[in-house]
Amino acid sequence: MYGLGLLKGLIVTMKNLISPGRMFTIHQYPDRKISPLGLSKLEGKNVISWGINNPVKFLKSLLGLISVPDKIAQSPRFRGQEFTWYEQRCTGCASCAKYCPLGIIKIVTSPSGKAVPEGQKYAIDVFDIDIGRCMFCGLCVEACPYDALHMGSGFEEGTYQRKDLVINVDRLKSAPKKPSTWFRPQLEELGYDPDSGDEITWDQIGRHERPSLSDQEDKWVKR
Amino acid sequence: MSIRTEPVTINLGPQHPSTHGVFRLRVTFDGETVVDVDPVFGYMHRGTEKLAETRSYVQIVTLTDRLDWVSSMSNNLAYVRAVEALCEIEVPQRAQFLRVIAAELQRIASHLMATGFLVNDMGAFATPLMYCFRERERILDLFEILCGARITLSYMRPGGVFQDAPKAFWDNLDALMKEMPIYIDELESLVTTNEIVLARSKNVGVLTAEQSINGSLSGPMLRASSVDWDIRKSNPYEIYDKLNFEVPIGKNGDVFDRYLVRIKEMRESLKIIGQCVDMISEGPVRADVPYNIRPPAGDIYSSIEAPKGELGFYLVSDQSISPYRCKIRSPSFMNLSLLREMLVGWKMSDLIVILGSVDFVMGEVDR
Amino acid sequence: MMCEQAEGLVNFCRIYKIYEFILPSWLSSFTYFFSAITLALTVINILIISTALYTWFERRTLARFQSRLGPNRWGPFGILQPIADVIKAITKEDTVPESADKVVFNMAPILLIITTLLVIIVIPLGPNSFMGSLNIGIIFIIGITSMNTISIFMGGWASRNKYAMFGAMRSVAMLITYEIPMGIAIVGILLLSNSLALSDIVLSQTIPFFIIQPIGFFVFFAASIAEISRTPFDQIEAESELGSGFHTEYSGIKFAIITLAEFMAPIISAIVITTLYLGGFKGPSILPAEFWFSIKVFGVIFFMLWIRATWPRLRIDQIMNFAWKPLFGLGLFNLFSIAIEVFVFQDKVTGFISTSHYWIMAGINWVFAILLFFGITQIIGNKNKEKIKHSYKTNMIS
Ligand code: SF4
Ligand code: SF4
């Protein structure tokens, strides 16, 4: 019948208005307003007893004046802006710089003068990643043969000036070590989740495969 | 008595709420009626094809993300298939399944967005759009679990995918598969039977089968004009020949049929994903392909059925690490080729709706 | 100055008495002036504040309809959002296009807000609350609302923008068209109430008129949605087509004024609908009449919002078709049937109709309404099935 479709539409929108189970398109970041119900649940108490004990808080949250920090669940593989880099693992081979499609990684090395355990022959003087131009494709991470460079898990790198967006070697060294598990199956096997806030040290993120010499020959020389 | 009228020329775009990007349309109106249209492209030209000539084969994957940014997975798939065909790489079974799942999820996401914006162009105050985005958001969440990004995914590599899907992905996929049909039903009861939508879209912007074949249209645009052409069926790639699905066909080739074809395709995509989840088996997900590929000299054209139509890559290799030429056959651009046939003679409001039904993304049109 | 009825919340005589009491004798000749100013300021400010609240309410509710959240940051539940909006709007640069007709361009928003505000004068908010009880109230409303068209056209024409002109031309075509079914629907009410004064119309509604004449109510409701250009008749603004229609070029405080007028329009039109069809301020006497009035207005506004959140918009020629074919016909039918019923049931001496007769009329009209509804929907449905390409498809430039 003509006109029925219009009514059906009205019912659908009304259903979305009144049913509380409908998911919101919006996530509130970094904090969200909270109702007395949510607040008491957060403190693990019954609304009524909680309301009687904290009348001021109850009233404030009823008026929508209380907000609590909110965080959206983030996948461990999330490719974030803050690169995680382990100077202990980096040899300065610059594979990452070479494979970056945009060429935004700048590496300058000099002989370190140290005794030479693996990867300590060169000191990294400059390691600039211009994340103002980075597209977070993660190819640099994929290219790194020593698992020294990882995608970070954070995304709060907003600055006022473009030049502050260049991550230099000091910042890389001092940044919290929360690598994303993107392209690092060994981290996934460990069950590591950067979202939990745990840091992970350089010796825990061992290589997922250590090919034998014959394997390597198969793979690279004969081709 | 007839009143003397004078045609008015209006620049629709490049900044306009309904041109879906920086698309400029010089329209001549007689009153409300369109008498001439003159599309102007190129505001978003980023030289993707030229950039590809200076990138290695793996690096180009990141460029394809930015062609049609609402269906990056399909672009990835089209490109890596071209490279694989060029180098004759055998792709592991599990990788093929993963790719098909990802591409079909992307098809749903893309069609959701197309539908939402189409109804929004008809003037619904963003409600269907928001419902569509709510559902699309869930698919993007899945992509985040799968490959760490939501829009520019770069999930696929020549020779497979870069990494296997984590366990959380399968759980969330199951939940999505259960709820998605309900959401699509809800969307349909909001839009499909709505008389205003019918009045605005039925018999509007009609393209006959002959016209659309001659205009080399593809995808839902072509199928709405009752042409049974889907590369997944006619030239099965990946594992599509093992799957059981239907290709929805429209009748009249009007705006409403394009909408309906998209809705039905979403349901078919869900069916495909369900079968893939059942059939997928353990195994490697990436063939043993070196990071720097040097394909043998030669050229190849390979195309897939992207959400918007036939997306093809023509690669010419001169044995170096980057292609000598990379030509992209983008469905959005081809689908716009019949603008004049569709638009002339309709009212201004119809113009907006027809543009919405074409479902083009400027990143792909200008490349 | 006769001032017997000094009750009601908003009443001239009440304010007059207060001023008579407090003003010193040398100012006593200004009592009339002062009380008029006070009344006007009160009502206008109430209206503006309620519009501000309404913008917040509309945004929140629409957002919930769309499963969003809406503005929720500024103050409790974001209720201070309108203040932020206003501050933002008035601190923005006020630009006037170079080729615009400056005088007309600047005048349009002022005219628009004046015409919108003027309607409230004749509305009875309670048995004795009104600004002025005009005995031709309803004609005043029809006249004033037509002025809207002029100011919208002024704004659109003077801005020398093609989008604005499109919106303006559409508004002229559409608003004038919809005045006709509106007027015809109103005549049905006049027949029943025997008066042009709004307070008499309200008082004569022993049962609300929308029960007695459902068809008339439908016609009036549709026409008033079109008059304020809301979905599904919002072709004047048509965000997805024209950007924002006739006020594309307006910015700063002028834009704020236009938005104010635009958001006030649904309130005003809900008020008129309430007065004419929903029994105005009538309600159980436990609560003041003004309360019942606002509840009804709120209900109408919410229904308009609900429609806005759900339906797409019609094309301009479909809108015109809708006005001239179904609405005009329905209006005439309503008028005709009401006239016959009034002729039959009216008390020949006093000219009034008793409540029981009202109920009989309501029964007859509802039967008509349902029959007509099914008939028309069947006809339109069948026609749509066979409809081929539109006839206006032309090819002038090849
Ligand atoms: S993420 Fe991509 S763009 Fe960014 S530095 Fe690494 S390779 Fe370059
Ligand atoms: S981060 Fe990795 S790829 Fe880059 S220089 Fe260090 S070891 Fe080499």
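Keep in mind that this is a model prediction, so the values were computed, not measured.

Description of the overall build of chain A
Point 1. A count of helical and extended segments in chain A gives nine helices and seven strands.
Point 2. In chain A, which comprises 223 residues, the proportion classed as buried is 39%.
Point 3. Of the contacts made within chain A by residues no fewer than 6 positions apart, 66% connect residues no fewer than 24 positions apart.
Point 4. Carbon and sulfur atoms make up 57% of the accessible area of chain A, which amounts to about 12700 Å² in all.

Regarding the overall build of chain C
Point 1. What chain C contains, in helices and strands, is 14 helices and zero strands.
Point 2. Here chain C has a C-alpha radius of gyration of 23 Å; the compact-globule value for 398 residues is 21 Å, and the two agree.
Point 3. For chain C, the spread of C-alpha atoms along the three principal axes comes to 80 × 60 × 40 Å.
Point 4. Among the 398 residues that make up chain C, the fraction classed as buried is 51%.
Point 5. Residue pairs in contact within chain C that sit at least 24 positions apart in sequence constitute 73% of those at least 6 positions apart.
Point 6. Within chain C, the 23 negative side-chain charges are centred at a point lying 10 Å from the centre of the 27 positive side-chain charges.

Concerning the interface of chain A and chain C
Point 1. Listed by partner, the interface residues are 21 residues for chain A and 25 residues for chain C.
Point 2. Of the roughly 2200 Å² buried between chain A and chain C, counting both surfaces, carbon and sulfur atoms make up 67%.
Point 3. Summed over the shared surface of chain A and chain C, the result is one salt bridge.
Point 4. For Arg73(C), the salt bridge is made with Asp31(A), and the minimal N-O distance between the two is 2.7 Å.
Point 5. Examining the composition of the side of chain A that touches chain C, we find that seven residues originate from one element, helix H1 (residues 4-18) of chain A, more than from any other.
Point 6. Grouping the amino acids of the side of chain A that touches chain C by side-chain chemistry returns 12 nonpolar, six polar and three charged.

Section: the packing of helix H4 (residues 93-121) of chain B against helix H5 (residues 127-147) of chain B
All names here are of chain B.
Point 1. At a minimum axis distance of 9 Å, the contact between H4 and H5 shows a crossing angle of 160°. Between H4 and H5, the crossing angle belongs to the class labelled roughly antiparallel. The handedness of the crossing between H4 and H5 is left-handed. Residues Ala102, Leu105, Gln106, Ile108, Ala109, Leu112, Met113, Gly116, Phe117, Val119 and Asn120 of H4 pack against Pro128, Leu129, Cys132, Phe133, Glu135, Arg136, Ile139, Leu142, Phe143 and Leu146 of H5.

Side note on the site of ligand 2
Point 1. The environment of ligand 2 is formed by 14 residues, the closest being Cys90(A), Cys93(A), Ala94(A), Cys96(A) and Cys144(A).
Point 2. Residue composition of the shell around ligand 2, by class: 11 nonpolar, three polar and no charged.

Notes on the interface of chain C and chain B
Interfaces are often sized by the amount of accessible area the parts lose when they come together.
Point 1. Taken together, the contact pairs 38 residues of chain C with 44 residues of chain B.
Point 2. Between chain C and chain B, the buried area comes to about 3500 Å², and carbon and sulfur atoms account for 59% of it.
Point 3. On inspection of chain C and its partner chain B, the count reaches two salt bridges.
Point 4. A salt bridge links Asp350(B) to Arg315(C); the nearest nitrogen and oxygen atoms lie 2.7 Å apart.
Point 5. Here chain C and chain B share 11 residue pairs in polar contact (both at pLDDT 80 or more) between them.
Point 6. Breaking the side of chain C that touches chain B down by element, the ones donating at least two residues are helix H2 (31-65), helix H6 (162-193), helix H10 (239-242), helix H12 (289-310) and helix H13 (316-345) of chain C.
Point 7. Per-class residue counts for the side of chain C that touches chain B are 15 nonpolar, 11 polar and 12 charged.

Let's talk about the packing of aromatic side chains
Point 1. With the rule as written, the count across this model stands at 36 aromatic pairs over all chains.
Point 2. For the ring pair Phe183(A) and Phe162(B), a centre distance of 6.2 Å and an interplane angle of 45° mean the geometry is tilted. Within this pair, whereas Phe183(A) is found in the loop between helix H7 (169-174) and helix H8 (185-190), its partner Phe162(B) is found in the loop between strand S5 (160-161) and helix H6 (167-191), the two belonging to separate chains.
Point 3. Exposure remark for Phe183(A): the relative accessible area of 15% places this residue in the buried category.

A short note on H4(B)
An α-helical segment advances 3.6 residues per turn. Residues three or four places apart therefore align on the same side.
Residue and element names in this part refer to chain B.
Point 1. Counted at 1.5 Å a residue, the expected span for H4 with its 29 residues is 42 Å, and the 42 Å between its end C-alpha atoms agrees.
Point 2. Across the 29 residues of H4, 26 count as buried, placing the element largely inside the fold.
Point 3. Positive backbone phi, at 110°, marks Gly123, one or two positions downstream of H4.

Remarks on the packing of H2(C) against helix H11 (residues 252-277) of chain C
All names here are of chain C.
Point 1. Look at H2 against H11: their axes get within 9 Å of each other, and the N-to-C directions meet at 90°. Taken together, the axis directions place H2 and H11 in an arrangement best described as roughly perpendicular. Two secondary-structure elements touch here, H2 through Leu47, Ile48, Ser50, Thr51, Tyr54, Thr55 and Glu58 and H11 through Leu260, Phe263, Met264, Pro266, Ile267 and Ile268.
Point 2. For the contact of H2 with H11, the residue count by class is nine nonpolar, three polar and one charged.

Topic: the sheet that holds strand S3 (residues 33-40) of chain B
Point 1. Across the sheet, which stays open at both edges, the three strands sit in the order S1-S2-S3 (chain B) with antiparallel pairing between neighbours. The open sheet has two edge strands with one neighbour each: strand S1 (8-12) and S3 of chain B. Direction aside, the axes of adjacent strands within the sheet are offset by 20° on average.
Point 2. Examined bridge by bridge, strand S2 (residues 24-30) of chain B and S3(B) share seven bridges and lie antiparallel to one another. When the sheet's bridge partners are listed, Val27(B) is paired in S3(B) with Val37(B).
Point 3. Of the strands in this sheet, S1, S2 and S3 of chain B are in contact with helix H14 (residues 348-358) of chain B, which crosses S2(B) at around 150°.
Point 4. Of the strands in this sheet, S1 and S2 of chain B touch H6(C), which is tilted by about 115° from S1(B).

Side note on the sheet that holds strand S7 (residues 166-167) of chain A
Point 1. What the three strands build is an open sheet, ordered S4-S5-S7 (chain A); its pairing is antiparallel. For this open sheet the edge positions go to strand S4 (105-111) and S7 of chain A, each flanked by a neighbour on one side alone.

What to know about the confidence of the model for chain C
Point 1. Per-residue confidence for chain C averages 81 on the pLDDT scale, and 92% of its residues sit at or above 70.
Point 2. Under a pLDDT of 50 for its full length, residues 387-398 of chain C has, in the predicted model, 22 contacts with residues more than four places off or in other chains.

Considerations on H14(B)
All names here are of chain B.
Point 1. When you tally the buried positions in H14, you get 11 out of 11 residues, the bulk of the element.
Point 2. Met348, Ser349, Asp350, Leu351, Ile352, Val353, Ile354, Leu355, Gly356, Ser357 and Val358 are the residues of H14 that are buried.
Point 3. Just downstream of H14 lies Asp359, where phi reads positive at about 55°.

Things to note about unusual backbone geometry
Point 1. One non-glycine residue, Phe183(A), lies in positive phi territory at about 60°.
Point 2. If you check the backbone angles, Ser229(C) has positive phi at about 50° while not being a glycine.
Point 3. Here Ser229(C) lies in the loop between helix H9 (214-227) and H10.
Point 4. What makes Ser229(C) buried here is its relative accessible area of 9%.

Quick look at the environment of Leu343(B)
Point 1. Among the secondary structure elements, Leu343(B) is positioned in helix H13 (residues 339-343).
Point 2. When neighbours within four sequence positions are excluded, Leu343(B) is seen to be in contact with Leu25(B), Val34(B), Val37(B), Leu351(B) and Ile354(B).

Quick notes on the state of the cysteines
Point 1. This model, assessed by the stated rule, comprises zero disulfides over all chains.
Point 2. With no disulfide of its own, Cys147(B) lies 12 Å from the sulfur of Cys137(A), the closest cysteine sulfur.
Point 3. Owing to a relative accessible area of 0%, Cys147(B) belongs among the buried residues under this scheme.
Point 4. For the unlinked cysteine Cys276(B), the closest cysteine sulfur is that of Cys147(B), found at 17 Å.

Calculation rules
- Residues numbered from 1 in each chain as written.
- Chains lettered and ligands numbered in written order.
- Predicted model: local features only at pLDDT ≥ 70, side-chain atom pairs only at ≥ 80, totals over all residues.
- Heavy atoms only, no water.
- Helix = DSSP H or I, 4+ residues; strand = E, 2+ residues; numbered from the N terminus.
- Buried < 20%, exposed > 50% of the residue type's maximum accessible area, 1.4 Å probe, protein only.
- Contact = heavy atoms within 4.5 Å.
- Areas by Shrake-Rupley, 256 points an atom, 1.4 Å probe, with all protein chains shown as cover.
- Rg over C-alpha atoms; globule rule 2.2 N^0.38 Å.
- Lys, Arg positive; Asp, Glu negative; His and termini not counted.
- Charge placed at Lys NZ, Arg CZ, Asp CG, Glu CD.
- Buried area = accessible area lost by both parts, 1.4 Å probe.
- Salt bridge = Lys/Arg side-chain N within 4 Å of Asp/Glu carboxyl O.
- Nonpolar A, V, L, I, M, F, W, Y, C, P; charged D, E, K, R; others polar.
- Axes fitted to C-alpha atoms, helices over the stretch in contact; angles between N-to-C directions.
- Parallel < 35°, antiparallel > 145°, perpendicular 65-115°, else oblique.
- Left-handed = near helix turned anticlockwise from the far one by under 90°.
- Near = heavy atom within 4 Å.
- Polar contact = N/O pair within 3.5 Å; in protein donor to acceptor, adjacent residues only side chain to side chain.
- Phe/Tyr/Trp six-rings, centres within 6.5 Å; stacked < 30°, edge-to-face > 60°.
- Expected span 1.5 Å × (residues − 1).
- Pairing = 2+ DSSP bridges.
- pLDDT = per-residue confidence, 0-100.
- Disulfide = S-S within 2.5 Å.

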